[in-house]
Amino acid sequence: ISMREITSSDVPEEVTEKEPSASQGPETTGEKPLETAPSMPNLEAVRAAYAQRAVSAAPPLTKAERQSISEELLKSWEAYEERGDLLRSRSNLPAAEVRAPFLEALAAHQVVVVAGETGSGKTTQCPNFILEAASATGRGGDVSIICTQPRRIAAVGVATRVAEERGETVGGHVGYAVRLDSRSTRYTRLLFCTTGVLLNRLNASPDLEGVTHIVLDEVHERSLHTDFLLTILRELLYRRPDLKLVLMSATMQQSIFSDYFGGLVDGDEPRVPVINVCGRTYPVTVRYEGQAQAASKGSPIGPVRAETVDVEDAEFEAEVKRQYGRGAKEIRISPAVQSSADLRQIANLCAAILTGKYEPDEDGQEERGGAGGAILVFLPGHAEIENCISQLKGQRGIGDRAWILPLHGSMSVQQQQRVFKRPPAGQRKIIVSTNIAETSITIDDVTHVIDSCHVKETRFSPQSSTSVFSTVWVSQAAAKQRAGRAGRTRPGVCWRLCRQDFMEKELPKHTLCEMQRTPLEELVLQLRLLELGDHPGDFLRRAPEPPALEAVERAIRALVAIGALENDSQLRLTPLGFHLAHMPVDARIGKMLVYGSLCKCLAPILTIAACLSQRSPFIRNFNRTKEELQVQERRNVWGELHSDQLAAAKAYDKYHEQRRQGRENAWAVCDRFGLSSSTLDDVAQLRQQFLRHLAETGFADAEAGEDGGDQVNVHQSNLSLVRCVMCAGLFPNVAQVQRQSNARGTYHIFVSRQRERCAPHPSSLNFRQGNEFAANHGWLLFHDKVKTSQVYLHDTTLIGTSVARRGLLLLASI
Ligand code: CDP
Ligand code: MG
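Residues numbered from 1 in each chain as written. Chains lettered and ligands numbered in written order. Predicted model: local features only at pLDDT ≥ 70, side-chain atom pairs only at ≥ 80, totals over all residues. Heavy atoms only, no water.

Enquirer: Give a description of the overall build of the protein that names residues and reports values.
Expert: Scanning the protein for helices and strands turns up 32 helices and 23 strands. Within the span of the protein, comprising 814 residues, buried residues form 54% of the whole. (Helix = DSSP H or I, 4+ residues; strand = E, 2+ residues; numbered from the N terminus. Buried < 20%, exposed > 50% of the residue type's maximum accessible area, 1.4 Å probe, protein only.)

Enquirer: Just give me the short version of the state of the cysteines, but keep the residues and values in it.
Expert: Under the defined criterion, the tally for this structure stands at zero disulfides. Counting only cysteine sulfurs, C670 is the nearest neighbor of C611, a cysteine outside any disulfide, at a range of 12 Å. Residue classification places C611 among the buried residues on the basis of a relative accessible area of 9%. (Disulfide = S-S within 2.5 Å.)

Enquirer: Give me the packing of helix α14 (residues 340-354) against helix α15 (residues 382-394): which residues, what numbers.
Expert: Contact geometry of α14 with α15 gives a least axis separation of 9 Å together with a crossing angle of 50 degrees. The angle between α14 and α15 falls in the class oblique. Pair α14 / α15 crosses with right-handed handedness. Facing α14, whose interface residues are L343, R344, I346, A347 and C350, α15 presents E384, N387, C388, Q391 and L392. For the contact of α14 with α15, the per-class residue count stands at six nonpolar, two polar and two charged. (Axes fitted to C-alpha atoms, helices over the stretch in contact; angles between N-to-C directions. Parallel < 35°, antiparallel > 145°, perpendicular 65-115°, else oblique. Left-handed = near helix turned anticlockwise from the far one by under 90°. Contact = heavy atoms within 4.5 Å. Nonpolar A, V, L, I, M, F, W, Y, C, P; charged D, E, K, R; others polar.)

Enquirer: I'd like to hear about the site of ligand 1, residue by residue, with values.
Expert: In the vicinity of ligand 1 there are 13 residues, among which G119, K122, T123, T124 and D444 approach most closely. Between ligand 1 and the protein, one listed contact pairs an oxygen atom with a backbone N or O atom of S120 at 3.1 Å. Contact distances for ligand 1 include 3.0 Å between an oxygen atom and a side-chain N or O atom of R488. Coverage of ligand 1 by the protein chains reaches 79% of its 530 Å² of free accessible surface. Broken down by secondary-structure element, the contributors of at least two residues to the shell around ligand 1 are α7 (122-136) and α8 (152-165). If you tally residues by element for the shell around ligand 1, the top one is α7, at three residues. Grouping the constituent residues of the shell around ligand 1 by class yields one nonpolar, seven polar and five charged. (Near = heavy atom within 4 Å. Polar contact = N/O pair within 3.5 Å; in protein donor to acceptor, adjacent residues only side chain to side chain. Areas by Shrake-Rupley, 256 points an atom, 1.4 Å probe, with all protein chains shown as cover.)

Enquirer: Outline the confidence of the model for the protein, listing residues and values.
Expert: Per-residue pLDDT for the protein averages 81, and the proportion of residues at 70 or more is 82%. By mean pLDDT, the top-scoring element of the protein is strand β6 (residues 213-216) (98), and the lowest-scoring one is helix α1 (residues 10-18) (35). The model gives residues 291-337 a pLDDT under 50, and that stretch makes 85 contacts with residues more than four places away or in other chains. Interface scoring of the predicted complex returns ipTM 0.98; its pTM is 0.73. (pLDDT = per-residue confidence, 0-100.)

Enquirer: Outline the pairing of strand β14 (residues 428-433), supporting the account with residue identities and numerical values.
Expert: In terms of residue burial, β14 counts as a mostly covered element, since six of its six residues are buried. Alternating residues of β14 divide into R428, I430 and V432 and K429, I431 and S433, and every residue in both groups is buried. Here strand β12 (residues 374-378) runs beside β14; their pairing, made up of four bridges, is parallel. Pairing of L376 across the sheet is with I431, part of β14. Judged from the six bridges that link them, strand β13 (residues 402-407) and β14 form a sheet pairing that is parallel. When the sheet's bridge partners are listed, L405 is paired in β14 with I431. (Pairing = 2+ DSSP bridges.)

Enquirer: Report on the sheet that holds strand β4 (residues 181-183), specifying residues and quantitative values.
Expert: In spatial order, the strands read β4-β3-β5-β2-β6-β7-β1-β8; together these eight strands make up an open sheet with mixed pairing. In the strand order of this sheet, the two ends are held by β4 and β8 (274-277), each with one partner. Sheet twist, expressed as the mean angle between neighbouring strand axes with direction ignored, is 20 degrees. Alignment of strand β3 (residues 174-178) against β4, held across three bridges, turns out to be antiparallel.

Enquirer: Explain the environment of E521 to me, using residue names and the numbers behind them.
Expert: For E521, the position within the fold is in helix α20 (residues 521-529). Taking relative accessible area as the criterion, E521 reaches 12% and is therefore assigned buried. Along the sequence, E521 and D586 sit 65 residues apart, while their C-alpha atoms lie 8.0 Å from each other. If we ignore the near neighbours within four places in the chain, the residues touching E521 are R554, A555, A558, L559 and R588.

Enquirer: Describe the sheet that holds β14, and please don't skip the residues or the numbers.
Expert: The strand order across the open sheet built from six strands is β9-β18-β15-β12-β14-β13, with neighbouring strands paired in parallel fashion. Of all the strands in the sheet, the pair left with one neighbour each is β9 (284-288) and β13. The average undirected angle you get between the axes of adjacent strands in this sheet is 15 degrees. Bridge count for β9 against strand β18 (residues 492-496) is five bridges, and the pairing is parallel. Bridged to R287 within β18 is W495.

Enquirer: Got a sec to walk through the packing of aromatic side chains? Specific residues and values, please.
Expert: Applying the stated criterion across every chain, the model contains six aromatic pairs. Ring-pair connections join several aromatic residues into one group, and the members of that group are F618, W638 and F673. Above the ring of Y260, the side-chain terminus of R234 is found at 4.0 Å from the ring centroid. (Phe/Tyr/Trp six-rings, centres within 6.5 Å; stacked < 30°, edge-to-face > 60°. Lys NZ or Arg CZ within 6 Å of the ring centre and 35° of its normal.)

Enquirer: Describe unusual backbone geometry, listing the residues and the values that go with them.
Expert: Residues F731 and P732 are joined by a peptide bond in cis, for which omega reads 10 degrees. You can see P732 is positioned in the loop between α30 (719-730) and β19 (734-742). Phi is positive for L571, close to 50 degrees, though the residue is something other than glycine. The topology assignment puts L571 in the loop between α22 (549-561) and α23 (575-582).

Enquirer: Run through α30, naming residues and quoting values.
Expert: Over its twelve residues, α30 runs 16 Å from end to end, which matches the ideal 16 Å to within 8%, given 1.5 Å per residue. Within α30, burial applies to L721, V722, R723, C724, V725, M726, C727, A728, G729 and L730. The N-terminus of α30 is capped by N718, whose side-chain oxygen sits 3.2 Å from the backbone nitrogen of S720. (Expected span 1.5 Å × (residues − 1).)

Enquirer: Mind laying out helix α6 (residues 99-108), listing which residues take part and the relevant values?
Expert: What α6 keeps buried is the set F102, A105 and L106. Buried residues of α6, viewed axially, fall in a sector of 100 degrees; they line one side. Among the exposed residues of α6, those oriented more than 90 degrees off its buried face are E104, A107 and A108. Where the residues of α6 are buried, they touch β1 (111-116), α7, β6, β7 (244-249) and β8. (Arc of directions from axis to C-beta.)

Enquirer: Describe the side chain of H761, listing the residues and the values that go with them.
Expert: Mapped onto the secondary structure, H761 falls in the loop between β21 (757-760) and α31 (771-777). Ignoring anything within four residues of it in the chain, the contact list for H761 reads R620, F767, Y792, L793 and H794.

Enquirer: So, the nonpolar core: which residues are in play, and what are the values?
Expert: The biggest cluster of nonpolar side chains holds 117 residues, and the ones touching the most others in it are I214, L216 and L247. By size, the runner-up hydrophobic cluster in this structure holds 35 residues, among which are A155, A159, V178 and I275. (Core = buried A, V, L, I, M, F, W, Y, C linked by side-chain atoms within 4.5 Å.)

Enquirer: Go over the pattern of salt bridges with me, naming the residues and quoting the values.
Expert: Should the charged atoms of two oppositely charged side chains come close, the side chains can pair. Taken as a whole, this structure holds 26 salt bridges when the rule is applied. With a shortest N-O distance of 2.5 Å, E545 and R222 are connected by a salt bridge. Of this pair, E545 sits in the loop between α21 (536-540) and α22 while R222 sits in the loop between β6 and α10 (224-239); the two residues are 323 residues apart in sequence, bridging distant segments of the chain. For E545, a relative accessible area of 26% puts it in the partly exposed group. For the salt bridge of D568 with R572, the shortest nitrogen-to-oxygen distance reads 3.7 Å. Using a relative accessible area of 30% as the deciding quantity, one classes D568 as partly exposed. Taking relative accessible area as the criterion, R572 reaches 44% and is therefore assigned partly exposed. (Salt bridge = Lys/Arg side-chain N within 4 Å of Asp/Glu carboxyl O.)

Enquirer: Describe the packing of helix α27 (residues 644-659) against helix α28 (residues 663-673), with residues and values.
Expert: Between α27 and α28, whose axes approach to 7 Å, the crossing angle comes to 150 degrees. The angle between α27 and α28 falls in the class roughly antiparallel. Seen from α27, the contacting residues are K654, Y655, Q658 and R659; seen from α28, they are R663, N665, A666, V669, C670 and F673. Each residue belonging to the contact of α27 with α28 can be placed in one class, and the counts come to five nonpolar, two polar and three charged.

Printed below as a string of structure tokens:
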């Protein structure tokens, strides 16, 4: 990963060198200073050292190096052309047909949009076309292409695939760089990376020196980072007229992008050219609920539901409407969890498909016949996927005949890769997935899609500082995209669990872009770090679809409150803010790490920060089966900590202690306490990454072991100190315990700073804590406040008043 290089020697040396000599003062008074006297710390000098940090990116290639790579690439191109075997499979892709027009458009324009169905070969082919074209003319060494992917799995998978297609191994001419993993060198000419990695690169080198082409992939997703990059790159193109930009999009909304860059081309020349890759997808028959009933009597589809929109909580809906001011049609709220009737229906459908009842024929019409293709089920979230899988496993007619796999974003890359495998003989693959399989992961052998038509979406409300995480109906564009997944290699069938008229009349056409529905702290920090615009609001106003000014203002206030930005009109980064902007974590968690080091209890704080910025190592337990209840019982050994964060830190320690004895021991711990070993391994890697960042600025010693050395861990077992540090880091995320009474007696409730009633989420250890216990503590720290059916607090820790007070003192003083 290309991070801004900061050496730990920066600060001390500059401080000692530039500071007025410590001997000056005493000398005037005639006293002789001690020769070894350390220089007095000087705040201004430390600040200056921070501000002057040299920006260092990897050194550009020399002319001779470029020459030799060009020769290498020319040779490998010629060898490749001769072989031709791989070319044939590539030339069958629709993208192969646009090779020439794409390269011509790119030669004539600075910005080109490529639009095409998922699977048409945009990602694997277009960036490689650029490299090949340059290689063929002996100028391969002169290009440097960066192609961004919104997700890690896509970046790794595509780089590997492209290298393979070129007959190379990944990490050479084609490489990748993602958060915890990188295979690339200075000589890599085509780099697939995540959007976050490109942002880091921009920080090290604002003009992206040496880079000749940027390819932003999946721009239609409108993720926070791609929209942010679009805004930055539009400005950069003026300064770098030689830099080429390619935007790749599924066939949705591509006019937004060509319009956004349209103004760049002068004269009569039309705006940015759009190259359409004609998807060679097969017809997919779409069946809706209700239709199915009419079409096939006695089909396994249940009766049509009378009410298609279930509003769980009318009051909640009213509030969401008020906060977002969007048309009613876009914010219909459905139950938080897919109804069990839906899951039964899905299981019935799968069973019927397994009997060969719904095999599509060549025209895409349904027909009884042999089975072969995989079934892809779209559900909104993790919990629904687990429920669905247990329903499928218990379904008559499925049993051993299916190979059932989950697919969601919180699985490791290796686990996710299983979906590409062929099922065992005699079994048919059923993949139960979130919207990750909608555009980012393509599974070729899918012939049947069952779409719940729901998606989990987070919308952040700047007024109440609450994320509303709810299951909402998908947009029409997303539903179309999902259906298309069934027709990749032959005609397919798609079932939608809603009525056709409802979909066409009630559902939004497109999804709301992320920039307009998430907190903006991270973006504002990045903006200040990259020194873009005088005011974050001014810069973000130039985004394709700008966020509300109110949301920007709220983020600024939050950053000023934690001391990351100067409280003046210039909103400069403070030294702390500078440090936080470099940490690949939420600013508050970054600050917690700094406190952990200063208060010398870094080890548990490293674990806690890693878990908070990733996910809990505790596998979500529904307490339904006997095993789950037993696991819950065992987890109670940590119950008296009354803290999800501290419990996770203890679990991590236990895991690692056993891990040193061998893999089997570690797995036994995982089974015993319901822990995810892959999450714990990721946590270990993240800890290392955090430690490196802390070490770069002198807050820890990365060489002194995986916890940063004894110096910063003197008090690591002082749990009340650890709670203080958490309080200082997580503030203002704290709810108060209040006494209430009614006819039946007194009880306690949690009230947030916004005076709303809230409760620990059922996944929290504190969900089951007695009232009395809460009363003794007084305060509940939390990481996230999410509104579903009510306001839930995620990852909570109970703290007493004195800890809270000392935590705030810490916050106020540093
Ligand atoms: O970007 P787009 O969705 O248009 O297509 P792509 O990702 O370039 O995929 C083109 C073809 O390559 C598809 O048929 C994929 O199945 C295949 N592919 C693959 O086999 N392995 C990968 N890691 C990526 C793509
Ligand atoms: Mg793609």
